[in-house]
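# Descriptive structure summary
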Amino acid sequence: MSTAPAHEESPVKTQGALALRTSPLVWGPPGSVPDERKLRHFGQALAEVLSGRRPPESLADRLTDRAYRELTLAGRMLHTTHTPFAGSLHVKEPREGALEMCVLVHCGDRDRVLAIRMERRGVQWLCTEFETA
């Protein structure tokens, strides 16, 4: 008989081009440096929602209630015939417990920029605002 390790990770849900862990975006104690890979994955998933290739509810636990409402009302903001691809990432931390990032999103013929603000709520990071151009 085998037993699962005590540190077993949460299951992975796959939708769109990206697999996301079902656990929230958590980065240790206050003051911990955000994991750039998780930020890029979140940007990718958000771009997929904004292009209509992923359902908004797949990100519900990663957004504040207000941001989630805005996401569900936004509809398709990124128009592309291909799955969007999150490219370069630029992250700033304007104050402890908040970060702002810009993600270059490749959408086939035209690249777009996705701006995201995240804030720490306990040990979890939640998206509070997003904008695309």
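Residues numbered from 1 in each chain as written. Predicted model: local features only at pLDDT ≥ 70, side-chain atom pairs only at ≥ 80, totals over all residues. Heavy atoms only, no water.

Here the focus is the environment of Arg-66. Looking at the secondary structure, you find Arg-66 in helix 2 (residues 65-74). Residue Arg-66 is classed as partly exposed on the basis of its relative accessible area, which comes to 40%. Linking Arg-66 and Glu-129, residues 63 residues apart in sequence, is a C-alpha distance of 8.4 Å. When neighbours within four sequence positions are excluded, Arg-66 is seen to be in contact with Thr-128 and Glu-129. (Helix = DSSP H or I, 4+ residues; strand = E, 2+ residues; numbered from the N terminus. Buried < 20%, exposed > 50% of the residue type's maximum accessible area, 1.4 Å probe, protein only. Contact = heavy atoms within 4.5 Å.)

In this sheet, strand 5 (residues 110-121) lies alongside strand 4 (residues 98-107) in antiparallel orientation, the contact comprising ten bridges. When the sheet's bridge partners are listed, His-106 is paired in strand 5 with Asp-111. Connecting strand 4 to the next strand, strand 5, in antiparallel fashion are two residues, including Gly-108 with a positive phi near 85°. Alignment of strand 5 against strand 6 (residues 124-132), held across eight bridges, turns out to be antiparallel. Note that in strand 6 the partner of Ile-116 across the bridge is Phe-130. (Pairing = 2+ DSSP bridges.)

Counting 25 residues, the largest nonpolar core has Phe-42, Leu-46, Met-101, Val-103, Leu-114, Ile-116 and Met-118 as its most contacted members. If you list the elements that add at least two residues to this core, you get helix 1 (36-50), helix 2, strand 3 (85-95), strand 4, strand 5 and strand 6. Not counting residues within four places of it along the chain, the set of residues in contact with Val-103 comprises Gly-43, Ala-86, Gly-87, Ser-88, Leu-89, Arg-112, Val-113, Leu-114 and Ile-116. (Core = buried A, V, L, I, M, F, W, Y, C linked by side-chain atoms within 4.5 Å.)

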